[in-house]
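For reference, the chains in residue letters:
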Amino acid sequence: MTAEPLLRGKVREVFAVGEDRLVLVTSDRISAYDVIMPTPIPGKGRVLTALSAYWFRTLADVVPHHMISTDPEDMPEAFRAEAREGRAMLVRRLAMFEIECVVRGYLAGSGWREYRDTGAVCGHALPPGLREGDRLPTPIFTPATKATSGHDENITRERAAQIVGADAVADLERLSIELYRRGHDRCAEVGIILADTKFEFGRDATGGIVLGDEVMTPDSSRFWPADEWVPGRPQPSFDKQFVRDWLDQRGWDHSPPGPELPAEVVAGTRDRYNEAHARITGATPATDSRNPQPR
Ligand SMILES: Nc1ncnc2c1ncn2[C@@H]1O[C@H](COP(=O)(O)OP(=O)(O)O)[C@@H](O)[C@H]1O
Ligand SMILES: [Mg+2]
């Protein structure tokens, strides 16, 4: 019944609905180091969809967003089943900007490595002596290319301006920083450090800038438990770092296929995603083996 997707991403399938709308169906697949793991994380698609919907609603005063509905009633027939599972979102189709709008408030991952090697991140000179996991004096915009295959690559704002235009990049930077600040403050209220995150924007039919894709989920962000934050080392997290750590211990070389994930890694990841969702949105965790009591 369901038509062929317009686009099959690592985690989501994108279907066209007429000329100007899309349905994004988020699967339970998890990718690490840009490779899709053979083992799904039950409920992950629902968590990513619900968190994105929460942020679109909460941040609508900062920037228009692409979400039309997640209600099965509003969904084309072919996607009602996915909508009932909470994995489908009807959105406005946008002409996406060909950059990823990354904001970093803390030093981690490729930002930390670039700083350690050069003292700067994507052209932002930073104070000397920062440690892995340290908070930055102010959040910085560190765009990346959208690699169709392989790894995204950090670029300077000058390079980003060549790709999307100087005016657009200034708007994208301003909006990304504002969204990050708002997200950071909400997360701080519930004991989560939003260390960094990635937004994707596009233009609608009138040329206006619209927030698309997913927003501040554990797939697109680093979420750290605030009470365990200790700079100078990698941080424990509510995101897929848990899976990456397990893969690293195993010495997997990042070439596909990835290994099957054992039950405890699946459960640990599921619990972390559920916990991030429950804390941020204030919803009761659906299934969390560590916190069986509703809070
Ligand atoms: N409103 C929109 N209009 C057009 N494309 C969109 C919109 N929102 C998200 N997308 C695109 O849909 C795809 C989502 O699938 P995903 O699994 O996240 O892909 P990826 O593996 O590239 O991360 C991405 O390519 C994203 O840029
Ligand atoms: Mg994506």
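Remember, predicted model here, so these are calculated numbers, not experimental data.

### What to know about the pairing of strand β7 (residues 88-92)
(1) Moving on: Taking burial as the measure, the five residues of β7 include four buried ones, the bulk of the element.
(2) Moving on: Sheet analysis places strand β3 (residues 21-26) next to β7, joined by five bridges and oriented antiparallel. By the bridge assignment for β7, Leu24 is matched with Met89.
(3) Moving on: The pairing of strand β6 (residues 67-69) with β7 spans two bridges and is antiparallel. Looking at the pairing, Met67 lines up with Val91 of β7.

### Re the sheet that holds β7
(1) Moving on: Spatial strand order, β1-β2-β3-β7-β6: five strands in an open sheet with antiparallel pairing. A single partner strand is all that each edge strand has here, and the edge strands are β1 (7-8) and β6.
(2) Moving on: The strands that helix α1 (residues 44-58) touches are β3, β6 and β7; relative to β3, the one it contacts most, it runs at about 135 degrees.

### What to know about the site of ligand 1
(1) Moving on: What surrounds ligand 1 is a group of 17 residues, the closest being Gly9, Lys10, Arg12, Leu94 and Gly212.
(2) Moving on: Elements represented by at least two residues in the shell around ligand 1 include exactly β2 (12-17) and β7.
(3) Moving on: Residue composition of the shell around ligand 1, grouped by class: seven nonpolar, four polar and six charged.
(4) Moving on: When we break the shell around ligand 1 down by domain, the ones giving at least three residues each are domain 1 (1-93) and domain 2 (97-228).

Definitions and limits used
Residues numbered from 1 in each chain as written. Chains lettered and ligands numbered in written order. Predicted model: local features only at pLDDT ≥ 70, side-chain atom pairs only at ≥ 80, totals over all residues. Buried ≥ 20, exposed ≤ 12 C-beta atoms within 10 Å, placed from the backbone. Helix = DSSP H or I, 4+ residues; strand = E, 2+ residues; numbered from the N terminus. Pairing = 2+ DSSP bridges. Contact = placed C-beta atoms within 7 Å. Axes fitted to C-alpha atoms, helices over the stretch in contact; angles between N-to-C directions. Near = placed C-beta within 6 Å. Nonpolar A, V, L, I, M, F, W, Y, C, P; charged D, E, K, R; others polar. Domains from an automatic or database assignment.

So yeah, pure geometry; function would need other evidence.
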